[in-house]
Amino acid sequence: MLVSVKEMLYKAREGKYAVGQFNINNLEWTKAVLLTAQENNSPVILGVSEGAAKYMTGYKTIVAMVNGMMESLNITVPVSLHLDHGSYEGAKEAMAAGFPSIMFDGSHYAIAENIEKTTEMVKLTAAKGVSLEAEVGSIGGEEDGVVGAGEIADPKECKSIADLGVTILAAGIGNIHGQYPANWAGLSMDALAEINKLCGDMPLVLHGGTGIPDAMIKEAISLGVSKINVNTECQLTFAAATRKYIESGKDLQGKGFDPRKLLGPGFEAIKATVKEKMDLFGSTNQA
Ligand code: 13P
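Residues numbered from 1 in each chain as written. Predicted model: local features only at pLDDT ≥ 70, side-chain atom pairs only at ≥ 80, totals over all residues. Heavy atoms only, no water.

The chain carries the name Class II fructose-1,6-bisphosphate aldolase in an unreviewed UniProt entry, which gives Clostridium gasigenes as its organism.

Structure, rendered in structure tokens:
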């Protein structure tokens, strides 16, 4: 059964590890993440952007696919299905379709409007027992066509949003989506420490999990980060494995083209990436 992220992330925060959110795009991606979570005995969060939801023909299709897969694959570890960077309307739609967790990203609004809309979302999610992630301070780079300038969140604004009753909080601390440039300044641990101090025991979320050095990930976890989002790295390993397979010419041998074989190496590559992250984040054997 799909669960909200509340219990798994408060437990992670207490246990000083983080649960990975891996974004899904299709059946193979979903199956790879679910099977790896089960094999690692790890809780997991399946992230879905609005663009990915559209590609997969809508939130209802995704809820049905994930529920069906969990049953047929005998997945018993805690799994949440989370809308990534949801708009106000998208968040309502995902909730209506049965998503147990949503992110409402109001970071591109002025703080007063972010507070107003997030307050509304707190009411809507609470009524349904759905967990809510809010965001303060935009995350740089491009995610699904949304370009953020990247800024360090104001810790006091973080506290204002945390106090509204959201479940978890994403704060910009120099992180960006996609690959980091060579001259990247790194995460601002000072800002994170201050946000952590002001927001009590609220689990914090680190977006842009691709390409952050391991030591920085561990330090961020020690400062309250309990959920880490990974998307680009799975895309890169999937693409590289698929390309290698096509270039080998194997898919043209024997009886001819087999789409299941073509997607096999990419599927295995995602599994390997997800396992590596679960071990690094410390969620392996925490189900
Ligand atoms: P990356 O694509 O950089 O891994 O970031 C993923 C993310 O933060 C999704 O919200």
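S.K.: It is not clear to me how the pattern of salt bridges should be interpreted in this structure. Could you clarify?
M.R.: Side-chain pairs of opposite charge can arise whenever the charged atoms involved come near each other. The tally for this structure, following the rule as stated, stands at 8 salt bridges. Of the charged contacts, one joins Lys123 and Glu120 as a salt bridge, the two residues approaching to 3.8 Å between their closest N and O atoms. With Lys123 and Glu120 both in helix α6 (residues 111-128) and 3 residues apart, the pair spans about one turn of that helix. Its relative accessible area of 53% is what places Lys123 among the exposed residues. Glu133 serves as the salt-bridge partner of Lys227, at 2.7 Å between the closest nitrogen and oxygen. In this pair, Lys227 sits in strand β10 (residues 225-230) while Glu133 sits in strand β5 (residues 131-136), placing the two residues 94 residues apart along the sequence. On the basis of relative accessible area, Lys227 is assigned to the buried category, the value being 0%. Overall, the relative accessible area of 0% leaves Glu133 in the buried class. (Salt bridge = Lys/Arg side-chain N within 4 Å of Asp/Glu carboxyl O. Helix = DSSP H or I, 4+ residues; strand = E, 2+ residues; numbered from the N terminus. Buried < 20%, exposed > 50% of the residue type's maximum accessible area, 1.4 Å probe, protein only.)

S.K.: Sorry if this is basic, but what is going on with the UniProt feature "binding site: dihydroxyacetone phosphate" (unreviewed entry) in the chain here?
M.R.: The residues that UniProt annotates with the feature "binding site: dihydroxyacetone phosphate" (unreviewed entry) are Gly178, Gly208, Gly209, Thr210, Asn229, Val230, Asn231 and Thr232. Judged by maximum C-alpha separation, these annotated positions cover 55 residues in sequence but sit close together in space, the widest gap being only 11.1 Å. Structurally, Gly178 is set in the loop between β8 (168-171) and α8 (189-198). Classification of Gly178 by relative accessible area gives buried; the value is 16%. Setting aside its immediate chain neighbours within four residues, Gly178 contacts Thr210 and Thr232. Inspection of the secondary structure puts Asn231 in the loop between β10 and α10 (232-248). (UniProt positions renumbered as here; feature names shortened; annotations may be inferred. Contact = heavy atoms within 4.5 Å.)

S.K.: In this structure, what is going on with unusual backbone geometry? I would like to understand it.
M.R.: For residues besides glycine, phi is generally negative; the peptide bonds are generally trans as well. Of note, the phi angle at His85 is positive, near 50°, even though the residue is not glycine. Looking at the secondary structure, you find His85 in strand β3 (residues 79-86). We classify His85 as buried; its relative accessible area is 19%. With phi around 65°, Asn285 is a residue other than glycine that occupies positive phi space. In this fold, Asn285 is placed in the segment after α11 (259-281).

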